[in-house]
Amino acid sequence: MSRHQNLNHVYPNADRNQPMFSRHLTAFGSHWLPPTQAPLGGWRNVHFPSYPCRPGVPPSPQLSHPTRHLSGAFQPQDTHNTNWARLQSKQHLPPGFPFHGFPHRHFHLGLMERSDKEPPYKRRRSSEERAPGDRSKGSPKREYAPRQARSATTSPNYWFKDGNPPPPGTSPPRQALELKRQWEDFSHCYKSRPQSGGGRREPPFEFSVMSYNILSQDLLHDNNYLYKHCSSSILNWNHRLSNILKELKEHNADIMCLQEVQEDHYEKQIKPSLEALGYQCEYKRRTGRKPDGCAVVYKKDRFSLLSSHPVEYFRRGIPLLDRDNVGLVLLLRPTGSSRPEDCVCVANTHLLYNPRRGDIKLAQLAMLLAEISTVSRLPDGSSCPIVLCGDFNSVPWSPLYSFVRESRLEYDGIPIGKVSGQEENPRGQRILTVPIWPLSLGVTQQCQYATAPTDVDGGITNLSVQDFAAQPMAAMNRPSIEHSLRLTSAYSHYLTEDSRPEITTCHSRTAITVDYIFYSAGTGDISTQPEGPLPRQGLQLLARLALVGQTDLEAVNGLPNEHNSSDHLPILACFRLCP
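Attention in this report is confined to the structure presented alongside it. (Residues numbered from 1 in each chain as written. Predicted model: local features only at pLDDT ≥ 70, side-chain atom pairs only at ≥ 80, totals over all residues. Heavy atoms only, no water.)

Looking now at the side chain of asparagine 393. Along the chain, asparagine 393 turns up in the loop between strand 12 (386-391) and helix 8 (399-406). Looking at asparagine 393, the relative accessible area reads 5%, which means it is buried. A distance of 3.5 Å separates a polar side-chain atom of asparagine 393 from the backbone oxygen of leucine 352. When sequence neighbours within four positions are dropped, the list of residues in contact with asparagine 393 reads His350, Leu351, Leu352, Tyr353, Lys361, Ser420, Gln422 and Val514. (Helix = DSSP H or I, 4+ residues; strand = E, 2+ residues; numbered from the N terminus. Buried < 20%, exposed > 50% of the residue type's maximum accessible area, 1.4 Å probe, protein only. Polar contact = N/O pair within 3.5 Å; in protein donor to acceptor, adjacent residues only side chain to side chain. Contact = heavy atoms within 4.5 Å.)

Pasting the structure below:
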């Protein structure tokens, strides 16, 4: 049976109103469908009577993004804001949308004297501060009593390992609970393509992508105050490695973008394990003395590597870019394709955490977008489909998030502490400077590399060096930045069943969304479409692995826990390459 057959051919008697694919998936268009185990729940068709499946309509009840021209009056969403009319007018939300806000109330990052001082989260001690052989200084791990969570029998997002819920009125032991995540299927929203000329048409290429911050063991030890709710056995690397490799194998994604991959563990354990599963691995360690980095791995029988481009955000001599974060951009070609335009640009990054340095985050993002623009450019000047994954350390609807989605950001008067939206009331209100990054970086305000213009024959034009330098200078003095990539999010950031905020990271101090899969939406894609013309080639979202809410994570004692060995959840999406 072809792996590209229509679902109706595979399940002719299936009730489309009932959840499908409850156990093993083999016929959803491609072999990438994971051999789903019980902890992953099942598959379900997602039907939204109020949101029909047509281009430009979100696949789930979701917040429309703020106006693309954000100003200094931008405020992160306030959970306790009762002035609904003002919030509606400010953020351009659909009338009557049941917005509950993001859980900023769980942010406790400690007090700091200066707005540009690094927060305590994931702070690395220098080798001089750390005693020889010491990897876990601090108070011993101990259990804590979290807030009362809702009864486990009322939530669809976790299950009991023995299959039996506890007696009414009693609380189950936390170690008995395990998250259950379902796949949301959007394939029924797309019409099958008609056959042209009566001939047999080659089926479209379909593939799956994962983004996952696996939590570096060194960073875990250096920030153990975030994980005091975990026993030492749960934080042990051998236990964590076993769980992480099990997750990667079960999800069976064609492409995996991993963050916080510790170099020694990557070389000795993670890379050999993934290569044994048929993956080709590319890795970029952070600069300086940082021992972790980003990895992009892909199945060798599904893709071939055209080029690999590491991106270092550290720039000597530019004070703004003195951090060691990195990115990695790959150009992949689907197996069996011979057309030059049939390729996919895959990018992975982990932006700076510091919630009070939005200027650094935006500069890092601009450098990555410039690299993506160059790598993804086709000979005719258009761009191939793009998948941008990573931990962006920014919440949905923040200025940084909106910049990715809207392709433009008007930042006049925006405080640097509000760029990422991580803190509800950031200390220090220093405003973003104009320009954010200096011309010496070599990146324009359009997030393109600043190179001398050429004529159609490839020769340098008659513009002098001074003329060329003056052109970007005028744009550098405007408080706006933009990029040419048309990207949207694979996730709506609100749960389908009750519109609670989706959570991708959770530990003892916060529970928010910071991890994303952005992609180039093609013609007919069901997600919210960006403004402007669609690219000639793009992607259609076929499915995604549903996230969970904060109360679901509280019920399993947060992250990490016995079964989930990172403080982030993996996010996965499945795409079809549009010709």
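The next subject is unusual backbone geometry. For the bond running from valine 434 to proline 435, omega is -5 degrees, close enough to zero to count as cis. In this chain, leucine 559 is followed by proline 560 through a cis amide linkage whose omega measures -10 degrees. Position of proline 560 among the secondary structure elements: in the loop between helix 10 (550-555) and strand 20 (571-578). At asparagine 252, a residue that is not glycine, the phi angle is positive and equals roughly 55 degrees. Inspection of the secondary structure puts asparagine 252 in the loop between helix 5 (237-251) and strand 6 (255-262).

On to the packing of aromatic side chains, then. Applying the stated criterion across every chain, the model contains 12 aromatic pairs. Ring centres of tyrosine 266 and tyrosine 283 lie 4.3 Å apart, and the angle between their planes is 15 degrees; on these two criteria the pair is classed as stacked. Of this pair, tyrosine 266 sits in helix 6 (residues 263-276) while tyrosine 283 sits in strand 7 (residues 279-285), placing them 17 residues apart in sequence. By the burial criterion, tyrosine 266 is buried, and tyrosine 283 matches it. When the ring of tryptophan 397 is compared with that of tyrosine 401, the centres are 5.2 Å apart and the planes differ by 75 degrees; the resulting orientation is edge-to-face. Judged by relative accessible area, tryptophan 397 falls into the buried class, the value being 2%. Taken together, the ring pairs connect Phe205, Phe207, Phe303, Tyr519 and Phe575 into an aromatic cluster. One residue, arginine 576, lies across the ring of tyrosine 190, its end atom 5.8 Å from the ring centre. (Phe/Tyr/Trp six-rings, centres within 6.5 Å; stacked < 30°, edge-to-face > 60°. Lys NZ or Arg CZ within 6 Å of the ring centre and 35° of its normal.)

With respect to topology, 6 strands assemble into an open sheet ordered 9-10-11-12-18-15, the strand pairing being mixed. Edge positions in the sheet fall to strand 9 (303-312) and strand 15 (488-489), since each of these pairs with one other strand and no more. Pairing analysis gives 5 bridges linking strand 12 to strand 18 (residues 515-519), with the strands arranged antiparallel. Counterpart to aspartate 391 in the pairing with strand 18 is aspartate 515. Each of strand 9, strand 10 (326-334), strand 11 (344-350) and strand 12 touches helix 7 (residues 358-375); the most contacted strand, strand 9, lies at about 150 degrees to it. Against the sheet, helix 8 contacts strand 15 and strand 18, and its axis sits at roughly 20 degrees relative to strand 18. (Pairing = 2+ DSSP bridges. Axes fitted to C-alpha atoms, helices over the stretch in contact; angles between N-to-C directions.)

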